[in-house]
Amino acid sequence: MLRQFFHELTIATRGRGLYEFTNGMERWIEENKFNDGLLTIYLRHTSASLLIQENAGPDVRRDLEAFFKRLVPDGDSLFTHAAEGGDDMPAHIRTALTTVNLGVPVCAGRPALGTWQGIYLWEHRTRGHARRVALHFIGE
Amino acid sequence: MLRQFFHELTIATRGRGLYEFTNGMERWIEENKFNDGLLTIYLRHTSASLLIQENAGPDVRRDLEAFFKRLVPDGDSLFTHAAEGGDDMPAHIRTALTTVNLGVPVCAGRPALGTWQGIYLWEHRTRGHARRVALHFIGE
Amino acid sequence: MLRQFFHELTIATRGRGLYEFTNGMERWIEENKFNDGLLTIYLRHTSASLLIQENAGPDVRRDLEAFFKRLVPDGDSLFTHAAEGGDDMPAHIRTALTTVNLGVPVCAGRPALGTWQGIYLWEHRTRGHARRVALHFIGE
């Protein structure tokens, strides 16, 4: 019999960078004894995003950050929306280039992540924020 | 008892730009008295995309457009697919850099959007088009 | 009565490029006589991605490849993560710029794809790999 469940995580960031929360996800699945279903992860912000990426070492995350910093320069004179700081409009663009929602099948109590995949919140602002992530599970 | 529902919206665009349809989504949810579930939004095109972004003022949208126009220049000599106009291949690339599908939890009759989040159709062609968005809701 | 189903496809790639598997998806839907529901497609890798794009001719795919190759150059000196080859870090970035998960409504036995939309695995490494795609269907 299929049922659904809701939850919300708050992730405190300390400025720009990738924050893994795979464990927080898995803990919610375990605590509720979900076996099989579909997990939806939804970030309620426009200047941070969600990313599934390599969790083996820190250098991939460092290079991702370096690439996006070069691609979307802070304080670019192209931007008219600058009242909230030179990192604000880049944060919106970095969010548009990635995503705020993920759908992950859960099978036999485990999300279908590959061996090297971790689930990250990507903070795009230079200051820290409290980021709210809505979780939904439908299954059994 | 979980059930599912389908709907289709048609959004008439007037050329390149972001068209908010958060209200159209919410109206469908209200009319059908959906309480809790998962909403899937699916765009049936390859030269327009879906975006969840800031809906506070028009300057974020103007800057998003300016950034993507610079990142993916119309009429770039790199492109061989040019028979449908210099904006056609950039439209496919802009779609690839964003997305054509979104999954949003709905809780107590409201999509889990953050305070500043709106749901947009992003038209990437310079001419207007009638864009078809498939909606699916599973829940109760 | 809603039910759910799981499956896994393995797609053998022969190096960088777009590999359509719309048919593989549709075959799974037909074999199981799924009528209406939500299909989730989830790629279990961090150096390849999923893309819904034009399937009319090969030139759009060629230009997508050319654009991403220019945007994220192989062997860029910006990257510190280079031990696995000059195409490895670009593969992670190209994955971050696209996606590893898709949600597609299925209605009357057919995914809600538009006329020109095909579902692709995008291999970002120059060598071939066996890529695993998890499928989930919830519906009736």
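Our subject is the structure listed above.
Scope of this entry: the structure provided in the associated data block. The shown structure was predicted, so the numbers you read here are calculated from the model rather than taken from an experiment.

1. Notes on the overall build of chain A
For step 1, the next point in the chain: Broken down by element type, chain A carries three helices and eight strands.
For step 2, the next point in the chain: Secondary structure elements of chain A occur, N-terminal to C-terminal, as β-β-α-β-β-α-α-β-β-β-β.
For step 3, the next point in the chain: Referenced to the eigenvectors of the C-alpha coordinate spread, the extents of chain A come out at roughly 55 × 30 × 20 Å.
For step 4, the next point in the chain: With 140 residues in all, chain A has 63% of them scored as buried.
For step 5, the next point in the chain: When contacts within chain A are restricted to residue pairs at least 6 apart in sequence, those whose partners lie at least 24 apart make up 83%.
For step 6, the next point in the chain: When the accessible surface of chain A is split by element, carbon and sulfur atoms take 49% of a total near 5400 Å².
For step 7, the next point in the chain: Once the 16 positive and 17 negative side-chain charges of chain A are each reduced to a mean point, those two points are 3 Å apart.

2. A word on the environment of Ser49(B)
Residues and elements named next belong to chain B.
For step 1, the next point in the chain: Along the chain, the position of Ser49 falls in strand S4 (residues 48–54).
For step 2, the next point in the chain: Through-space distance from the C-alpha of Ser49 to that of Thr99 is 5.5 Å; in sequence the pair is 50 residues apart.
For step 3, the next point in the chain: Among residues more than four places away in sequence, those in contact with Ser49 are Leu43, Arg94, Thr95, Thr98, Thr99, Tyr120, Leu121, Trp122 and His124.
For step 4, the next point in the chain: Side chain to side chain, Ser49 and Thr98 meet in a polar contact 2.7 Å long.

3. Section: the interface of chain A and chain B
For step 1, the next point in the chain: With 30 residues of chain A at the contact, the number on the chain B side is 35 residues.
For step 2, the next point in the chain: The interface formed by chain A and chain B includes 16 residue pairs in polar contact (both at pLDDT 80 or more).
For step 3, the next point in the chain: Among the elements that line the side of chain A that touches chain B, the one with the most residues is helix H3 (residues 88–97) of chain A, at six residues.
For step 4, the next point in the chain: Broken down by class, the residue content of the side of chain A that touches chain B amounts to 17 nonpolar, 10 polar and three charged.

4. What to know about the relation of the copies chain A and chain B
For step 1, the next point in the chain: Take chain A, turn it by 120 degrees, move it 0.0 Å along the axis, and it overlays chain B with an RMSD of 0.0 Å. Read as a symmetry element, the transformation amounts to a three-fold axis. Scanning chain A for the C-alpha nearest the rotation axis identifies Leu97(A), at a separation of 3.3 Å.
For step 2, the next point in the chain: An asymmetric contact is evident, with only 20% of the interface residues of chain A recurring at the interface of chain B.

5. A short note on the relation of the copies chain C and chain B
For the pair of chain copies, the relating operation is a rotation around an axis with a shift along it.
For step 1, the next point in the chain: Least-squares fitting of chain C to chain B yields an RMSD of 0.0 Å, with the superposition described by an axial translation of 0.0 Å and a rotation of 120 degrees.
For step 2, the next point in the chain: An asymmetric contact is evident, with only 17% of the interface residues of chain C recurring at the interface of chain B.

6. Brief notes about the packing of aromatic side chains
Residues and elements named next belong to chain C.
For step 1, the next point in the chain: Here the structure, examined in full by the defined rule, presents 15 aromatic pairs over all chains.
For step 2, the next point in the chain: Taken together, a centroid distance of 5.0 Å and an interplanar angle of 85 degrees make the contact between Trp28 and Phe34 edge-to-face.
For step 3, the next point in the chain: By relative accessible area, which is 4% here, Phe34 ends up buried.
For step 4, the next point in the chain: For the pair Phe34 and Phe137, a centre-to-centre distance of 4.0 Å together with 5 degrees between the ring planes defines the contact as stacked. Of this pair, Phe34 sits in the loop between helix H1 (22–31) and strand S3 (37–43) while Phe137 sits in strand S8 (residues 130–139), and the two are 103 residues apart along the sequence.

7. A short note on the sheet that holds strand S2 (residues 17–20) of chain C
Residue and element names in this part refer to chain C.
For step 1, the next point in the chain: If you trace the three strands from one edge of the open sheet to the other, you get S2-S7-S4, paired in antiparallel fashion. Because the sheet does not close on itself, it has two edges, and the strands there are S2 and strand S4 (48–54). Taking each pair of neighbouring strands and ignoring which way they run, the sheet shows an average axis angle of 35 degrees.
For step 2, the next point in the chain: In the sheet, S2 pairs with strand S7 (residues 117–123) via four bridges, with the strands oriented antiparallel. By the bridge assignment for S7, Glu20 is matched with Tyr120.

8. Some thoughts on the interface of chain C and chain B
For step 1, the next point in the chain: The partner chain B presents 30 residues to the 35 residues of chain C that form the contact.
For step 2, the next point in the chain: At the boundary of chain C with chain B, total buried surface from both sides reaches about 2700 Å², with 63% on carbon and sulfur atoms.
For step 3, the next point in the chain: Summed over the three residues of chain C that lose the most area to chain B, namely Leu2(C), Asp63(C) and Phe67(C), the buried surface amounts to 20% of that side.
For step 4, the next point in the chain: If you look at where chain C meets chain B, you find one salt bridge.
For step 5, the next point in the chain: Across the contact surface, chain C and chain B share 16 residue pairs in polar contact (both at pLDDT 80 or more).
For step 6, the next point in the chain: For the side of chain C that touches chain B, the secondary structure elements donating two or more residues are S3, S4, helix H2 (58–71), strand S5 (101–107) and S8 of chain C.
For step 7, the next point in the chain: Among the elements that take part in the side of chain C that touches chain B, H2(C) stands out by supplying 10 residues, more than any other.

Cut-offs applied
- Residues numbered from 1 in each chain as written.
- Chains lettered and ligands numbered in written order.
- Predicted model: local features only at pLDDT ≥ 70, side-chain atom pairs only at ≥ 80, totals over all residues.
- Heavy atoms only, no water.
- Helix = DSSP H or I, 4+ residues; strand = E, 2+ residues; numbered from the N terminus.
- Buried < 20%, exposed > 50% of the residue type's maximum accessible area, 1.4 Å probe, protein only.
- Contact = heavy atoms within 4.5 Å.
- Areas by Shrake-Rupley, 256 points an atom, 1.4 Å probe, with all protein chains shown as cover.
- Lys, Arg positive; Asp, Glu negative; His and termini not counted.
- Charge placed at Lys NZ, Arg CZ, Asp CG, Glu CD.
- Polar contact = N/O pair within 3.5 Å; in protein donor to acceptor, adjacent residues only side chain to side chain.
- Nonpolar A, V, L, I, M, F, W, Y, C, P; charged D, E, K, R; others polar.
- Least-squares fit on C-alpha atoms with pLDDT ≥ 70 in both.
- Phe/Tyr/Trp six-rings, centres within 6.5 Å; stacked < 30°, edge-to-face > 60°.
- Pairing = 2+ DSSP bridges.
- Axes fitted to C-alpha atoms, helices over the stretch in contact; angles between N-to-C directions.
- Buried area = accessible area lost by both parts, 1.4 Å probe.
- Salt bridge = Lys/Arg side-chain N within 4 Å of Asp/Glu carboxyl O.

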